[in-house]
Amino acid sequence: MAESENKLTVYYDSECPICRIEITHYQGIDEKRVVCFADAREADTQFPETLTRDAALARLYVRREDGTLVSGAEAFVTLWSRLPGWRYLSYLRHIPGMMWVLERAYIATLYVRPWLVRTFFKQA
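As a starting point, this report considers the structure included with it. (Residues numbered from 1 in each chain as written. Predicted model: local features only at pLDDT ≥ 70, side-chain atom pairs only at ≥ 80, totals over all residues. Heavy atoms only, no water.)

**A look at unusual backbone geometry**
Of note, R33 is a non-glycine position whose phi angle comes to about 55°, a positive value. Structurally, R33 can be placed in the loop between α1 (17-29) and β2 (35-39). A relative accessible area of 46% means that R33 is categorised as partly exposed. (Helix = DSSP H or I, 4+ residues; strand = E, 2+ residues; numbered from the N terminus. Buried < 20%, exposed > 50% of the residue type's maximum accessible area, 1.4 Å probe, protein only.)

**Digging into the side chain of S14**
Inspection of the secondary structure puts S14 in the loop between β1 (8-12) and α1. Within the local environment of S14, its side chain forms a polar contact with the side chain of D39, the two groups lying 2.7 Å apart. Leave out the neighbours within four places in its chain, and S14 touches R20, D39 and R41. (Polar contact = N/O pair within 3.5 Å; in protein donor to acceptor, adjacent residues only side chain to side chain. Contact = heavy atoms within 4.5 Å.)

**Let's talk about the nonpolar core**
Counting 20 residues, the largest nonpolar core has V10, Y26, V35, F37, L60 and L79 as the members making the most contacts within it. Listed by contribution, the elements that provide at least two residues to this core are β1, α1, β2, α3 (72-80) and α5 (98-120). By residue number, the principal contributor to this core is α3, which donates six residues. Of all hydrophobic cores here, the second largest spans eight residues; its members include A38, A56, L57 and Y61. (Core = buried A, V, L, I, M, F, W, Y, C linked by side-chain atoms within 4.5 Å.)

**Points about the pairing of β2**
Of all five residues in β2, five are buried; the element is thus mostly enclosed. Here β1 runs beside β2; their pairing, made up of five bridges, is parallel. Directly across from V10, in β2, lies its bridge partner F37. Taking the sense of rotation as the criterion, the β-α-β connection linking β1, α1 and β2 turns out right-handed. (Pairing = 2+ DSSP bridges. Right-handed = clockwise from strand over helix to strand, strands pointing away.)

So, in structure tokens, the structure goes:
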């Protein structure tokens, strides 16, 4: 999907089964279509000048409506702030030290993601 200038844009890896499950969930609850979900694997996906395809495949990135690019925990919190049922989690950013904790948790997840995929999403 092409980047939309007036929408929050989420860049994700459609070949990662964990990412696919999560993004499918978010797409399903985005009834007002306030978020543009851009598959980083699609050849026609347009990336911001400061984001490469490889980077978008390695880590979750979100381009805010104002053009600001964020990744990791900040990307999730930004996305959650736009989605019904998840908005309350975006308030975690206001707890001192919480973004540091969330970012470390995200980095740990990235580290174990290959193992999780191999273990729980084996190809038939």
